[in-house]
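Listed below are the residues making up each chain.
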Amino acid sequence: MTAPSELPLNRFKQALAAGSKQIGLWNSLASAVTVEVVAGAGFDWLLVDMEHSPNDLPLVHAQLQAVAAHPTCTPVVRPPWNDMVGIKRLLDLGVQTFLIPYVQNAEQAAAAVRSTRYPPHGVRGFASASRATRFGRIPGYWQRAHEQICVLVQVETAEALSQIEAIAAVDGVDGIFIGPGDLSASMGHLGQPSHPDVIRAIEDAMRRIRAAGKPSGFLTGDEALARRMLDLGCQFVAVGADVVLLARAADGLRARFESPA
């Protein structure tokens, strides 16, 4: 007779709570094949994006299966929006770590947390035999699921930066991520995420998040900037993106075979 399954441990959540730094990679290609390739590189976490990529639930399902072959790598899924229904469906797929986009204040952060909790602490809908429960094989899943759910909220406007302390104080928020692209736009520097004013605001935000006792996160393809943020105490940093790696490698390879003028 098959033994009951245990509730999967969330290594990423545990690492953040322990103060460990987690190096990640952004994934936007919406492909289980590319996720399988990069998951073997040894990153601590992989961002599976649904906000700015053509991902849908069946594609995310396949990507989760691809990452599952690498148990030391945690998939972090960014849903399209802070939406209870979308988050519920991802939870049923077995997603344990979320990056919730465009959280502006403590109320929106609390709503994100509630979406990941069953009543009476939240509004998550009940499913008896989802992938999350290993199809009904995890005893007591519904009572214990929240223990391994990690909610990261994305702060990406000047208004949201002013609310960092209030957002950090929300019970159930496991970390705060600074989105440099939208932040630069909200500060009047559209398309300039490395503008000095933007970087100063981000560095100040990292210090405030740390002072509030929460892990901070960031994304950049600039190695020097990534190391700078890590030095400031940023705990979960995505140091590149799959689509950028592919595009730059393709550009570089073609350039090496350019005909002389």
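The structure this text deals with has already been given above.
Throughout what follows, the structure given in this document is the object of discussion. Along each chain, the written sequence defines residue order, and numbers are assigned to residues from 1. Totals for whole chains, interfaces and linings use every residue, but because this is a predicted model, local features are given only for residues with pLDDT of at least 70 and side-chain atom pairs only at 80 or more, for both listing and counting. Note: side-chain values were computed over all heavy atoms of the structure, leaving out hydrogens and water.

### A look at the overall build of the protein
Part 1: Each helix is a run of H or I in the DSSP string that is no shorter than four residues. Each strand is a run of E no shorter than two, and both are numbered from the N terminus. Across its full length, the protein carries 12 helices and 8 strands.
Part 2: Radius of gyration: C-alpha atoms only; globule rule: 2.2 Å multiplied by the number of residues to the exponent 0.38. The C-alpha atoms of the protein give a radius of gyration of 19 Å, which matches the 18 Å a tight globule of 261 residues would have.
Part 3: Oriented by its inertia axes, the alpha-carbon framework of the protein measures out at about 70 × 45 × 30 Å.
Part 4: Partly exposed describes any residue whose relative accessible area lies between the buried limit of under 20% and the exposed limit of over 50%, with all areas from a 1.4 Å probe on protein chains only and scaled to the type maximum. Scored against the burial criterion, the 261 residues of the protein give a buried share of 48%.
Part 5: Whether two residues touch is decided by their heavy atoms; if any such pair falls within 4.5 Å, the residues are in contact. Here the contacts in the protein between residues at least 6 apart in sequence split such that 61% fall between residues at least 24 apart.
Part 6: For the accessible areas, the method is Shrake-Rupley and the probe is 1.4 Å, while residue cover comes only from the protein chains on display. Here the protein displays about 12,500 Å² of accessible surface, and carbon together with sulfur accounts for 56% of that area.
Part 7: In this tally, Lys and Arg are treated as positive and Asp and Glu as negative; His is ignored, and so are the chain termini. Every charge is mapped onto a representative atom, which is NZ of Lys, CZ of Arg, CG of Asp or CD of Glu. Taking the average location of the 23 positive side-chain charges in the protein and that of its 25 negative ones, the two points are 5 Å from each other.

### Some points on the state of the cysteines
Part 1: When two cysteine sulfur atoms are found within 2.5 Å, that pair is recorded as a disulfide. Considering all chains together, one arrives at 0 disulfides under this definition.
Part 2: In this model Cys150 remains outside any disulfide bridge; the closest cysteine sulfur is found in Cys234, 14 Å from its own.
Part 3: Taking relative accessible area as the criterion, Cys150 reaches 0% and is therefore assigned buried.
Part 4: For Cys234, a relative accessible area of 0% gives the class buried.

### Focus: the environment of Phe43
Part 1: Along the polypeptide, Phe43 turns up in the loop between helix H2 (32-39) and strand E2 (45-49).
Part 2: For Phe43, the contacting residues outside a window of four places in its chain are Ile23, Gly24, Leu25, Val38, Thr72, Cys73 and Val239.

### Thoughts on the pattern of salt bridges
Part 1: A pairing counts as a salt bridge when a side-chain nitrogen of Lys or Arg comes within 4 Å of a carboxyl oxygen of Asp or Glu. The tally for this structure, following the rule as stated, stands at 9 salt bridges.
Part 2: Residue Arg78 pairs with Glu51 through a salt bridge whose shortest N-O separation is 3.1 Å. Here Arg78 is found in strand E3 (residues 74-78), whereas its partner Glu51 is found in the loop between E2 and helix H3 (57-67), with 27 residues between them in sequence.
Part 3: We classify Glu51 as partly exposed; its relative accessible area is 21%.
Part 4: In this structure, Glu203 and Arg228 form a salt bridge, with 3.1 Å as the shortest nitrogen-oxygen distance. Of this pair, Glu203 sits in helix H10 (residues 196-211) while Arg228 sits in helix H11 (residues 223-231); the two residues are 25 residues apart in sequence, bridging distant segments of the chain.
Part 5: For Arg228, a relative accessible area of 36% corresponds to the partly exposed category.
Part 6: Residues joined in a network through salt bridges with shared partners are Asp49, Glu51 and Arg78.

### A closer look at a nonpolar patch on the surface
Part 1: Patch building starts from residues that exceed 30% relative accessible area and form no salt bridge, then joins like charges within 9 Å and nonpolar side chains (Val, Leu, Ile, Met, Phe, Trp, Tyr) within 5 Å. Taken together, the side chains of Met84, Val85 and Val123 make up a nonpolar region of the molecular surface, amounting to roughly 230 Å² of accessible area.
Part 2: As for its position among the elements, Val85 is in helix H4 (residues 84-92).

### Considerations on H11
Part 1: Regarding H11, the residues found buried are Leu225, Ala226, Met229 and Leu230. Looking straight down H11, one finds its buried side chains confined to an arc of 140°; they lie on one side. Among the exposed residues of H11, those pointing more than 90 degrees away from its buried face are Glu223, Ala224, Arg227 and Asp231.
Part 2: Here a polar contact is taken to be a pair of N or O atoms separated by no more than 3.5 Å, where protein atoms must pair a possible hydrogen donor with a possible acceptor and residues adjacent in sequence count only if both atoms sit in side chains. If you check the start of H11, you find a side-chain oxygen 3.0 Å away from the backbone N of Ala224, and it comes from Asp222.
Part 3: Gly233 occupies a position one or two residues after H11 and carries a positive phi of about 100°. Working note: the arc is built from the helix axis to C-beta atom directions.

### Here we look at the pairing of strand E4 (residues 97-100)
Part 1: Where burial is concerned, the two faces of E4 agree: the one with Thr97 and Leu99 and the one with Phe98 and Ile100 are both buried.
Part 2: Where E4 lies against strand E5 (residues 150-155), 4 bridges are found, and the strand directions are parallel. Pairing of Thr97 across the sheet is with Cys150, part of E5. At least two bridges found by DSSP between two strands are what make those strands a pair.

### Let's talk about the packing of aromatic side chains
Part 1: In summary, the pairing rule links any two rings of Phe, Tyr or Trp, Trp by its six-membered ring, whose centres are within 6.5 Å, and it sorts them by plane angle into stacked for under 30 degrees, edge-to-face for over 60 and tilted for everything else. A full pass over the atoms with the stated rule returns 8 aromatic pairs.
Part 2: In this structure an aromatic cluster arises from ring pairing among Phe12, Trp26, Trp45, Phe177 and Phe236.

### As for the pairing of strand E8 (residues 236-241)
Part 1: Most of E8 sits out of view: 5 of its 6 residues are buried.
Part 2: As paired strands, strand E1 (residues 22-27) and E8 are joined by 4 bridges and run parallel to one another. Bridged to Gly24 within E8 is Ala238.
Part 3: As paired strands, strand E7 (residues 216-219) and E8 are joined by 3 bridges and run parallel to one another. Among the inter-strand pairings, Gly217 is bridged to a residue of E8, identified as Phe236.
Part 4: Between E7 and its parallel partner E8, the chain crosses via H11, and the hand of that crossover is right-handed. Every crossover in which the path from the first strand over the helix to the second runs clockwise, viewed with the strands pointing away from the viewer, is termed right-handed.

### Things to note about the nonpolar core
Part 1: Definition of nonpolar core: a set of buried residues of the types Ala, Val, Leu, Ile, Met, Phe, Trp, Tyr and Cys, connected through side-chain atoms within 4.5 Å. One finds Leu90 and Ile178 to be the most contacted residues of the largest nonpolar core, which totals 47 residues.
Part 2: Here this core takes 7 residues from H10, the largest share from any one element.
Part 3: Beyond its immediate chain neighbours, meaning those up to four positions away, Ile178 contacts Val155, Leu161, Leu183, Ile202, Ala205, Met206, Ile209, Gly217 and Phe218.
Part 4: With 13 residues, the next largest nonpolar core counts Leu16, Leu152, Phe236 and Ala238 among its residues.

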